[in-house]
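# An overview of the molecular structure
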Amino acid sequence: MPEAISPETIEALLPEVAELIVTALNLDMPPADIEPDAPLFGDGLGLDSIDVLEIALVISKKYGFQLKSDNEDNLRIFSSLRALSTHIASQRAK
C-alpha cells in the first residue's frame with residue numbers, strides 16, 4: 001500500500017505546479033491567482049484538451065513520469081490545481 005501524501009507536501013507543490021501551468025500555457029496571470037480547488041476546465045481556468053497536453057508534456061519533463069492522454073483518471077487528475085498537485089506528489093513518491 002502506498003504511503004499517504006501529507007497535506008503539507010501538496011500545499012508546497014501548489015505554487016510550483018501553478019507556475020508550471022502559467023509558464024507552459026503562457027497565461028497572462030500570476031500563478032498565485034490559480035485557485036487550488038477551482039476547476040481547470042470550463043468556468044474555472046477555461047483550459048481545453050490541447051492545454052492539458054501542453055501541461056502533461058511539461059510535467060513529464062520536470063517530474064519524470066508520463067501522463068497518458070488515454071488515462072481514464074485524467075478528468076480527476078486535471079480537475080483542479082490541488083488534484084494535479086496531489087497526483088504529481090503520488091507519482092513522485094513511487
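So, how was this worked out
Residues numbered from 1 in each chain as written. Predicted model: local features only at pLDDT ≥ 70, side-chain atom pairs only at ≥ 80, totals over all residues. Heavy atoms only, no water. pLDDT = per-residue confidence, 0-100. Helix = DSSP H or I, 4+ residues; strand = E, 2+ residues; numbered from the N terminus. Axes fitted to C-alpha atoms, helices over the stretch in contact; angles between N-to-C directions. Parallel < 35°, antiparallel > 145°, perpendicular 65-115°, else oblique. Left-handed = near helix turned anticlockwise from the far one by under 90°. Contact = heavy atoms within 4.5 Å. Nonpolar A, V, L, I, M, F, W, Y, C, P; charged D, E, K, R; others polar.

## So, the confidence of the model for the chain
Per-residue confidence for the chain gives a mean pLDDT of 90; residues scoring 70 or more make up 96%. Per-element averaging of pLDDT across the chain places helix 3 (residues 74-77) at the bottom with 90 and helix 1 (residues 7-25) at the top with 95.

## As for the packing of helix 1 against helix 2 (residues 49-63)
Between helix 1 and helix 2, the shortest axis-to-axis distance is 9 Å and the interhelical angle comes to 125 degrees. Regarding the angle of helix 1 to helix 2, the classification is oblique. At the point where helix 1 passes helix 2, the crossing takes the right-handed sense. For the pair helix 1 and helix 2, the contacting residues are L13, E16, V17, L20, I21, A24 and L25 in the first and D51, E54, I55, V58, I59, K62 and Y63 in the second. For the contact of helix 1 with helix 2, the per-class residue count stands at ten nonpolar, no polar and four charged.

## Side note on the side chain of N74
Assignment of secondary structure puts N74 in helix 3. Look past the residues within four positions of N74 in its chain and what remains in contact with it is K68, S69 and S79.

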